[in-house]
Every structure is written in structure tokens, then in C-alpha cells.
Amino acid sequence: MIIGLEHYLVLGALLFCIGFFIALSKKNAVGVLIGVELMLNAVNLTLIAFSRFGATEVALSTQVFVVFIIAVAAAEVAVGLALALVVYRNRQTISVDRTTLLKG
Amino acid sequence: MSDFGFHLAFWSLAAMTLGGASMIIISRNLIHAVIWLVMSMLGIAGLYLTLSADFIAVVQVLIYVGAISVLMLFAIMLTPRAERDNSQNIKTGGPAALVVLLVMISTLWVAIDTDWGAVREAALTDQARLIGESLIKHYILPFEIGAVLLTAALVGAIALARQDDEDAAVHAASLQAELDGEGSVDPVNVVDPPIAAEAPDSEAAS
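Let me begin by describing the structure that accompanies this report. (Residues numbered from 1 in each chain as written. Chains lettered and ligands numbered in written order. Predicted model: local features only at pLDDT ≥ 70, side-chain atom pairs only at ≥ 80, totals over all residues. Heavy atoms only, no water.)

### Quick word on unusual backbone geometry
All names here are of chain B.
Logical step 1: Notably, Ser-52 is not glycine yet its phi reads approximately 50°, a positive angle.
Logical step 2: Positionally, Ser-52 belongs in the loop between helix H2 (30-50) and helix H3 (54-78).
Logical step 3: Phi is positive for Asp-126, close to 60°, though the residue is something other than glycine.
Logical step 4: Mapping Asp-126 onto the fold places it in the loop between helix H4 (93-113) and helix H5 (127-137).
Logical step 5: Asp-126 sits in the partly exposed class, given a relative accessible area of 45%. (Helix = DSSP H or I, 4+ residues; strand = E, 2+ residues; numbered from the N terminus. Buried < 20%, exposed > 50% of the residue type's maximum accessible area, 1.4 Å probe, protein only.)

### Let's talk about H3 of chain B
Logical step 1: In this model, H3 of chain B (25 residues) spans 35 Å end to end at C-alpha, consistent with the 36 Å of a helix rising 1.5 Å per residue.
Logical step 2: Within the sequence span of H3 of chain B, burial applies to Ile-56, Ala-57, Val-59, Gln-60, Tyr-64, Val-65, Ile-68, Ser-69, Met-72, Leu-73, Ala-75 and Ile-76 of chain B. (Expected span 1.5 Å × (residues − 1).)

### Concerning the interface of chain B and chain A
Logical step 1: Chain B puts 82 residues into the contact, and the matching count from chain A is 70 residues.
Logical step 2: Taken together, the two surfaces of chain B and chain A that pack against each other cover about 7,000 Å², and 76% of this comes from carbon and sulfur.
Logical step 3: At the junction of chain B with chain A, the criterion picks out zero salt bridges.
Logical step 4: The tally of links between chain B and chain A comes to five residue pairs in polar contact (both at pLDDT 80 or more).
Logical step 5: Broken down by element, the residue count for the side of chain B that touches chain A peaks at twelve residues, all from H3 of chain B.
Logical step 6: A breakdown of the residues in the side of chain B that touches chain A according to their chemical character gives 59 nonpolar, 17 polar and six charged. (Contact = heavy atoms within 4.5 Å. Buried area = accessible area lost by both parts, 1.4 Å probe. Salt bridge = Lys/Arg side-chain N within 4 Å of Asp/Glu carboxyl O. Polar contact = N/O pair within 3.5 Å; in protein donor to acceptor, adjacent residues only side chain to side chain. Nonpolar A, V, L, I, M, F, W, Y, C, P; charged D, E, K, R; others polar.)

### A closer look at the pattern of salt bridges
Residue and element names in this part refer to chain B.
Logical step 1: In this structure the tally under the stated criterion is two salt bridges over all chains.
Logical step 2: A salt bridge links Arg-129 to Glu-133, with the nearest nitrogen and oxygen atoms 3.1 Å apart. Of this pair, Arg-129 and Glu-133 both sit in helix H5, separated by four residues, roughly a single helical turn.
Logical step 3: Residue classification places Glu-133 among the partly exposed positions, given a relative accessible area of 32%.
Logical step 4: Salt bridges sharing common partners tie together Asp-126, Arg-129 and Glu-133.

### Thoughts on the nonpolar core
Logical step 1: Ranked by size, the top nonpolar core spans 65 residues in total, and within it Tyr-8 of chain A together with Met-72 of chain B carry the most contacts.
Logical step 2: Contributions of two or more residues to this core are made by helix H1 (5-25), helix H2 (29-52) and helix H3 (56-91) of chain A together with helix H1 (3-26), H2, H3 and H5 of chain B.
Logical step 3: With 13 residues, the single largest contributor to this core is H3 of chain A.
Logical step 4: With near-sequence residues (within four places) excluded, Tyr-8 of chain A lies in contact with Ile-3, Ala-49 and Phe-53 of chain A together with Phe-6, Phe-10, Leu-47, Thr-50 and Leu-51 of chain B. (Core = buried A, V, L, I, M, F, W, Y, C linked by side-chain atoms within 4.5 Å.)

### Here's the deal with the packing of H1 of chain A against H2 of chain B
Two quantities define a packed helix pair, namely the angle between the helix axes and the distance between the axes.
Logical step 1: The contact between H1 of chain A and H2 of chain B brings their axes to 13 Å, and the two run at 160°. Here H1 of chain A is positioned roughly antiparallel relative to H2 of chain B, judged by the angle of their axes. Crossing handedness for the pair H1 of chain A and H2 of chain B: left-handed. Mapping the contact onto sequence places Tyr-8, Leu-11 and Leu-15 of chain A in H1 of chain A and Ser-40, Ile-44, Leu-47 and Thr-50 of chain B in H2 of chain B.
Logical step 2: Tallied by class, the residues present in the contact of H1 of chain A with H2 of chain B amount to five nonpolar, two polar and no charged. (Axes fitted to C-alpha atoms, helices over the stretch in contact; angles between N-to-C directions. Parallel < 35°, antiparallel > 145°, perpendicular 65-115°, else oblique. Left-handed = near helix turned anticlockwise from the far one by under 90°.)

This is the structure:
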């Protein structure tokens with residue numbers, strides 16, 4: 001059996017689901033961010049797999065797309081962690097179910 | 001490329017990636033969770049290499065393994081020890097697991113059942129040059145927007161994380177009080193009201 005596109009797609013889907021579950025179930029805000037990072041990486045892996053098993057002109061655009069996703073993910077994590085620090089400083093917790101300031 | 005070596009690389013890297021990701025779910029310490037995340041990211045970088053995307057693999061190691069994990073470790077260490085508990089899960093874990101299971105079933109079904117028409121052409125060579133050229137030629141507008149986004153995120157993160165002068169003085173005073181006291185300060189109590197009470201005294205003392 002040769003390793004084909006489906007192997008990478010299944011791997012990406014499993015990784016996405018693990019990240020999704022972490023993002024949904026963790027109480028700690030940094031834990032939620034870890035889950036989101038895993039989901040982004042799973043999508044990147046899927047895109048790179050399509051880049052390898054697609055036509056040559058598609059391959060380059062896909063890799064550029066992945067570069068943009070990585071840049072946006074880095075920005076997201078920097079702002080997210082700064083927000084976690086601010087929430088911690090004001091509320092003495094970063095547990096996502098104890099920050100209920102917007103609750104009616 | 002020998003077939004056996006490729007199989008070995010793929011399956012071991014896949015096990016490393018999924019194993020690291022699963023360990024994040026069950027690890028009780030948040031710092032350990034970040035270390036497992038690093039292992040998972042390294043596995044993904046290796047998988048990029050098996051897909052002959054060398055440039056992306058190097059970028060992955062530089063940004064995720066190098067920068068983002070260190071940023072997360074810093075954020076964890078700037079919050080006290082009590083916040084490093086990763087074992088708490090929300091109470092509605094059952095519905096979350098159900099939703100994830102549905103997503104998994106549907107994505108796996110699509111991934112396996114669809115005829116993707118995969119072709120195996122020769123991989124791109126000289127990828128860094130090609131990506132750089134197309135960033136400057138075709139994707140110049142998104143490239144500039146990305147630059148603005150990164151600058152905005154940088155400034156925003158600094159503006160958010162920066163302490164006001166009063167806060168900084170209180171914080172420094174409480175740190176000093178902690179250093180002056182016995183070495184074994186209970187980390188859970190460091191953040192509680194005693195700080196506000198102790199801070200003026202230690203300022204007066206110093």
C-alpha cells in the first residue's frame with residue numbers, strides 16, 4: 001500500500017478533531033489557545049498535502065496560502081496571550097468559565 | 001526514495017503528531033501540555049518534509065516550535081502556579097465530545113469517500129525563491145495587509161500587556177515583599193488580597 005493523499009487527509013482530520021476537542025473542553029484559556037493552534041496546523045497539513053498531490057501551478061499558491069495562515073496564527077496567538085494576561089490581572093483567573101463579565 | 005524508509009517516516013511521524021496531541025488532552029500540567037504541543041508541531045514539520053515542502057517545514061519549526069511555544073510558556077509562567085492546572089474540563093464535556101465525534105465522522109467520510117483525482121507530479125524545486133517571487137508579484141496586496149496585521153498585533157499585544165504605572169509599583173512592591181519574606185511563599189496566596197494590604201507597608205519599609 002502506498003502512502004497517498006488520503007493518508008494525509010485522514011491524519012489532518014484526526015488532528016483537527018483532537019484540537020477541536022481540546023478547544024471545547026479545556027477550562028484554562030491557554031489550553032483553549034493550544035487547541036486552536038492544533039486546529040490551524042491540521043488545516044495547514046491538509047493544504048500542504050493537496051499542494052503535493054495537485055497540479056504544479058496549484059502547488060505554489062497553496063504554499064503561499066499556508067505562509068499567510070502561519071502569519072495570521074502568530075498574530076492571533078500574540079494577541080490572545082496578551083488578552084489572557086490582562087484578564088488574569090483584572091480577574092485573578094484565566095479560567096474561561098469564571099470570566100463572566102459579559103453575562104447578563 | 002526507498003519505499004520502506006518513506007513508510008517508516010510517515011507512520012512514525014503520524015504517531016508522534018497524534019500522540020503528542022492526545023497527550024495534551026490528558027496531561028494535568030499546562031507546561032507539560034505545551035511541551036507535548038511542541039512534539040506534535042515537530043511531527044507536523046517532519047510530515048511537511050515527507051510532502052517535499054521544505055520551506056514550510058523550516059518555517060513551521062522556526063515559528064511554532066521556536067516562537068509560539070516560548071510565548072505560551074512565558075504567558076503560563078507570568079500567571080501563578082495555581083493557573084497551571086490543565087486537568088479541569090468544562091462540565092459539558094459530553095456534548096462537546098459528541099459534536100467532535102460528528103465532525104470526525106463527517107470529515108473522515110469525506111476524506112476517504114471522495115475521489116480527489118490525486119496526481120503525483122515532480123515536487124517543486126527551489127521553493128523559497130518561488131514563494132518569495134509570488135509573494136512579491138502575485139500576492140503583493142495580501143502580503144502588505146499581512147505586514148500591517150502583524151504590526152497591529154505587535155502594537156496591540158504590547159498595549160494590552162503593558163501595566164499602568166500604579167499597577168507596576170504595586171506589583172513590584174508585592175514582589176519585593178515576597179522576596180523579603182521566607183523563601184516558601186504559598187504561590188496560591190500570592191495573588192490574593194494580602195498583596196494590597198502588604199504593599200503599602202513594604203513600600204514604606206523600603
